[in-house]
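Reading the structure
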Amino acid sequence: MLKIFTTQLTGFFQRIQEKENSQIEDAARLLAQAAIGEGAIYVKGWGILEGIYAQVEKGESFPACKPLPSVDNVTAADRVLLFTPFSTDLDAIDTAQQLAEKGIPTVGVSAAVNGEKSLQQFVDIHVDSKLTKPIIPTEHNERIGFPVLMTSLYVYYCLFLTVKEILEEYEE
């Protein structure tokens, strides 16, 4: 089962890297604008993806990175990075819609799924984290293993590394 898990997870990372590369580049440029200017990069996750902020707070992080306390605190100089398991998460959509109404540049990361409303409608750039269901088949025709935090952290690191690269080029 571990081999299947590793193979499947590696496949998701590769699909994200191949199919979302231009969105990751664009999102990193958008986030870097706050780091270069006077703004902050606010991060918010919903559900299991609240764990993203533990990485931001205690691990490697963007410059001037903070948790998103409220949409009211965000200014035009800031950028926002939203993480939710699925693009149809109504709380994430509501937050993204409020940010869009204020004209705040926002990046959304979620698995794109069909729905009446979608996160993609309200963010400037959306990165599809691809994972929509558990990845390991069992003997009983069930599926287990839904590593949505891992795929989202992979996207986070893609963004983090690309922003770091942009900032290093800017400083030269």
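Residues numbered from 1 in each chain as written. Predicted model: local features only at pLDDT ≥ 70, side-chain atom pairs only at ≥ 80, totals over all residues. Heavy atoms only, no water.

**As for the overall build of the protein chain**
The helix and strand tally for the protein chain stands at five helices and seven strands. Start at the N end of the protein chain and walk to the C end: the helices and strands fall as α-α-β-α-β-β-α-β-β-β-β-α. Over its C-alpha atoms the protein chain spans a radius of gyration of 16 Å, differing by no more than 12% from the 16 Å that the globule rule assigns to 172 residues. For the protein chain, the spread of C-alpha atoms along the principal axes amounts to about 55 × 40 × 30 Å. The proportion of buried residues among the 172 residues of the protein chain is 45%. At a minimum sequence separation of 6, the contacts of the protein chain that also span at least 24 residues come to 70%. Just so you have it, the protein chain exposes about 9000 Å², and 49% of that area is on carbon and sulfur atoms. (Helix = DSSP H or I, 4+ residues; strand = E, 2+ residues; numbered from the N terminus. Rg over C-alpha atoms; globule rule 2.2 N^0.38 Å. Buried < 20%, exposed > 50% of the residue type's maximum accessible area, 1.4 Å probe, protein only. Contact = heavy atoms within 4.5 Å. Areas by Shrake-Rupley, 256 points an atom, 1.4 Å probe, with all protein chains shown as cover.)

**Quick word on helix H4 (residues 90–101)**
Under the 1.5 Å per step criterion, the end-to-end length of H4 is 16 Å for twelve residues, consistent within 8% with the ideal 16 Å. Of the residues making up H4, those classed as buried are Ala92, Ile93, Thr95, Ala96 and Leu99. One side of H4 carries all its buried residues, which in axial view fall inside an arc of 165°. Among the exposed residues of H4, those pointing more than 90 degrees away from its buried face are Leu90, Asp91 and Glu101. The inward-facing, buried residues of H4 contact strand S3 (79–86) and strand S4 (106–111). Gly103 sits one or two residues past H4 and shows a positive phi near 75°. (Expected span 1.5 Å × (residues − 1). Arc of directions from axis to C-beta.)

**Structural notes on the pattern of salt bridges**
By the definition in use, this model includes six salt bridges. A salt bridge links Lys130 to Asp128; the nearest nitrogen and oxygen atoms lie 3.7 Å apart. Here the two residues Lys130 and Asp128 agree in accessibility, since each one is buried. Each of the salt bridges in this network shares a partner with another, and the network as a whole consists of Glu20, Asp128 and Lys130. (Salt bridge = Lys/Arg side-chain N within 4 Å of Asp/Glu carboxyl O.)

**Let's talk about the packing of aromatic side chains**
If you walk through the whole model with that rule in mind, you get seven aromatic pairs. For the pair Tyr156 and Phe160, a centre-to-centre distance of 6.3 Å together with 15° between the ring planes defines the contact as stacked. You can see Tyr156 and its partner Phe160 sitting in helix H5 (residues 148–171), four residues apart, about one turn around the helix. Given a relative accessible area of 0%, Tyr156 falls into the buried group. Put simply, the rings of Phe62, Tyr156, Tyr157 and Phe160 pair up and form one aromatic cluster. Taking NZ or CZ as reference, Arg15 lies 4.4 Å from the ring centre of Phe12, over its face. Its guanidinium or amino end placed over the ring of Trp46, Lys44 lies 5.2 Å from that ring's centre, counting from NZ or CZ. (Phe/Tyr/Trp six-rings, centres within 6.5 Å; stacked < 30°, edge-to-face > 60°. Lys NZ or Arg CZ within 6 Å of the ring centre and 35° of its normal.)

Geometric descriptors of this kind do not, in isolation, establish any biological role.
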